[in-house]
Amino acid sequence: MTPARTFGPRLISGLAFGVMAVFFVIPLIFMIVVSFYQPDPMGFYKVDFVWENYAKFFSSFYYKVSWRSLYSAIFGAVLVVALAFPLVLAISDVSRKWQLFWIILLLSLMCFSEVIIGFAWLILMSESAGVPRFLEWVGLWADPRSLSPSFGAMMIGLVYLGFSIVSLILYPSVARRDRSIEEAAVTLGTPPAMVFFKVLLPTFRTSLISVTLTMFVYLLGVFVMPTMLGRPKDWTMTVIISDKALGDANLPLGAALAVVMLIVTVVVLLISALATRGRQT
Amino acid sequence: MTSLRNAYLWLIAAMLIAPFVIVLGVSIGASKNISFPPEALSLEWYTELLTESEWLLAIGRSLFIALCAGIISTTLALAINYVLWRTGSGFAKLTFALGLGPFLLPPIILALGASLFWAEVGWYGRMEATIVSHGVFFVTLPLVIIARGFAALTDEVVEAAQTMGATPMQVFRTVVLPLIAPYVLTGFTLVAIISVNEYLIANMISGFVVETLPIKIFNNVRYGYSPVVAAASMLFVVLTVTGLLILSRVTDLVALFGTEKDE
């Protein structure tokens, strides 16, 4: 092609790169810069270079919050994948009409606002509507109380939120799988549970690990579920970051906490990438 | 085995749908407090939702932001994919990889970065800031979906057009665009739906001025509850599901998200 003809694509690609760089990369870099600034109680921040904001992270309070964020995200991610994988396997076997039903259901849930899902569960676990009232009506619970806010309610919210995403990520590879080995196993009389553990789990080990890590990162960043369904002592790092940045107007501290979270995220993504690559070669 | 499978499917479907059945019940109940099952039916909360100006304003703002963000996202995704498809250059690959980034990071990080950035630029609290950030952060989904469209393009049609003397622009307009249009539309719809539903980023960039529907619902749930929230939630559910149902008429969602196996 003549140079004049390749100028167009270059211009388009330069523009697109520019937009991504300015509105995605620069804000992240700026956030790292702000994490070294001094907080200013009167306004946003004072330009400076201090490690103070990071030093605060190594206090018992943030240590506890980080630990709590990590275990609720890990626990949630494992639970989501454990529930979603069998579902996706089941969906891949039903008729095309029902597959479409499931995809629309899962897509809808993926799109629904965290706010709405949180609100729906809030009602479902309240004492005047939902599960406690149902148990009272059935006669299983004489003195029903609201089930939220609690750690359990928050976990249910997290699992519900992640469920549709994991299912939709796993679905394509599960639906396209080579079925010859499982069919052979079934023909030879292997019990279904054995097929699941000896054939299907090993086949999808890599995608299951990588989707669990993706989910871990996702759940680390959920904001609405802990605030709506959890108690203050269940609040995760995301809530604390937002609280520091908006509530206390301590932007440098919020930025420093977000940078720590960014580092954890990048490490997890790198592990995930390595795990997947090891498999392909 | 089949019955066990179906039982699991039904159980999960019930668990996934149950919360919204309750919300529906609350939204059509006459009681001012949350109660289910409703004792008397009433459409009062829907009337309030669709006549009170603060709710209408929030709905209007959300829809406007979603429309603009959808246009920005799909334009970006289309541009990146087009260049990657035409040149396959390393720079185009890098731009594509950059576009995958926002999906991989926890939204709180994006939200805080964007809010600091817009404060520095001087657009903090403006609707344009929310629109641009939504548009850029949600680029991943249309990027991946439109890439599937380009992957399905065969070289023959393009070569045929070129042999007939079509310029790159003509090839793009008359061959490429019609063939990838369904993918572009899918990407646009998904971004618009996600933007309408998004809370955290919108709230951190301009939530105290530009109150979108999710922000309004959140504030309402936290500081003084009214069943209008249930009606607003149902409106969301209906908008989202309708959008997806229309989409399923236009494109083959099963093929797009899964497989072409049982043809």
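Note that the structure is a prediction, hence the values are computed from the model and not measured.

On to the overall build of chain A. Each helix and strand in chain A was counted, giving 13 helices and two strands. Relative to its length of 281 residues, chain A is extended, with a C-alpha radius of gyration of 24 Å against a globular reference of 19 Å. In chain A, which comprises 281 residues, the proportion classed as buried is 44%.

Turning to the overall build of chain B, a few remarks are in order. Counting its regular elements, chain B contains 13 helices and zero strands. The linear arrangement of helices and strands in chain B, starting from the amino end, is α-α-α-α-α-α-α-α-α-α-α-α-α. The dimensions of chain B, computed from C-alpha atoms along their principal axes, are 70 × 60 × 30 Å.

Let us look at the domain arrangement of chain B. In many analyses, interface size is given as the accessible surface area lost on bringing the parts together. All names here are of chain B. Taken domain by domain, chain B comprises domain 1 (1–42) and domain 2 (49–257). In this structure, domain 1 and domain 2 have C-alpha centres spaced 30 Å apart. Taken together, the seven residues of domain 1 in the interface contact six residues of domain 2. Grouping the amino acids of the side of domain 1 that touches domain 2 by side-chain chemistry returns four nonpolar, two polar and one charged.

Let us now look at the interface of chain A and chain B. Contact with chain A, which involves 75 residues of that partner, is made by 73 residues of chain B. Of the residues forming the side of chain A that touches chain B, the biggest block, 18 residues, is contributed by helix 1 (residues 3–34) of chain A. For the side of chain A that touches chain B, the residue count by class is 56 nonpolar, 13 polar and six charged.

To continue, consider the packing of helix 7 (residues 140–152) of chain B against helix 9 (residues 168–197) of chain B. Residues and elements named next belong to chain B. In contact at an axis separation of 8 Å, helix 7 and helix 9 are set at 170 degrees when each is read in the N-to-C sense. It follows that helix 7 is roughly antiparallel to helix 9 by the angle criterion. Between helix 7 and helix 9, the contacting residues are Leu141, Pro142, Ile145, Ile146, Arg148, Gly149 and Phe150 on the first element and Ile180, Tyr183, Val184, Thr186, Gly187, Phe188, Leu190 and Val191 on the second. The class makeup of the residues in the contact of helix 7 with helix 9 is 11 nonpolar, three polar and one charged.

Turning our eyes to something else, we now look at the environment of A:Phe36. All names here are of chain A. Structurally, Phe36 can be placed in the loop between helix 1 and strand 1 (38–39). Along the primary structure Phe36 and Val195 are separated by 159 residues, whereas in three dimensions their C-alpha atoms are 54 Å apart. Apart from the residues lying within four places of it in its own chain, the contact partners of Phe36 are Phe49 and Val50.

Turning our attention to the confidence of the model for chain B. All names here are of chain B. Within chain B, residue pLDDT values average 85, and 96% of them lie at 70 or more. The element-level mean pLDDT for chain B is lowest in helix 13 (residues 253–257), coming to 74, with helix 6 (residues 127–137) highest at 93. Of the two predicted TM-score estimates for the complex, the pTM is 0.85 and the ipTM is 0.83.

It is at 10 Å that the axes of helix 3 (residues 60–91) of chain A and helix 1 (residues 2–27) of chain B come closest, and there the two elements cross at 120 degrees. Seen from above, helix 3 of chain A lies across helix 1 of chain B with left-handed handedness. Residues A:Pro86, A:Leu87 and A:Ala90 of helix 3 of chain A form the contact with helix 1 of chain B, whose own contacting residues are B:Arg5, B:Tyr8, B:Leu9 and B:Ile12.

Core analysis: the largest hydrophobic core is formed by 166 residues, its most contacted members being A:Ala120, A:Trp121, A:Ile123, A:Ala258 and B:Leu112. It is helix 3 (residues 53–87) of chain B that contributes the most residues to this core, 15 residues altogether. Residues from two domains meet in this core; each of domain 1 (1–42) and domain 2 (49–257) of chain B gives at least three. Ignoring any residue separated from it by four or fewer positions in sequence, one finds A:Trp121 in contact with A:Ala153, A:Ile156, A:Gly157, A:Tyr160, A:Leu229 and B:Pro19.

Residue placement: A:Met31 occurs in helix 1. A residue is classified by how many C-beta atoms lie within 10 Å of it, and A:Met31, with 25 of them, is buried. Sequence-wise, A:Met31 and A:Ala258 are 227 residues apart; in three dimensions their C-alpha atoms are separated by 8.3 Å. Among residues more than four places away in sequence, those in contact with A:Met31 are A:Ala255, A:Ala258, A:Val259, B:Leu112, B:Gly113 and B:Leu116.

The next subject is the environment of B:Phe172. Residues and elements named next belong to chain B. Checked against the element boundaries, Phe172 lands in helix 9. On the neighbour-count criterion, Phe172 (18 C-beta atoms within 10 Å) is partly exposed. A sequence separation of 90 residues divides Phe172 from Tyr82, and the C-alpha atoms of the two residues are 8.9 Å apart.

Thresholds applied
Residues numbered from 1 in each chain as written. Chains lettered and ligands numbered in written order. Predicted model: local features only at pLDDT ≥ 70, side-chain atom pairs only at ≥ 80, totals over all residues. Helix = DSSP H or I, 4+ residues; strand = E, 2+ residues; numbered from the N terminus. Rg over C-alpha atoms; globule rule 2.2 N^0.38 Å. Buried ≥ 20, exposed ≤ 12 C-beta atoms within 10 Å, placed from the backbone. Domains from an automatic or database assignment. Contact = placed C-beta atoms within 7 Å. Nonpolar A, V, L, I, M, F, W, Y, C, P; charged D, E, K, R; others polar. Axes fitted to C-alpha atoms, helices over the stretch in contact; angles between N-to-C directions. Parallel < 35°, antiparallel > 145°, perpendicular 65-115°, else oblique. pLDDT = per-residue confidence, 0-100. Left-handed = near helix turned anticlockwise from the far one by under 90°. Core = buried A, V, L, I, M, F, W, Y, C linked by C-beta atoms within 7 Å.

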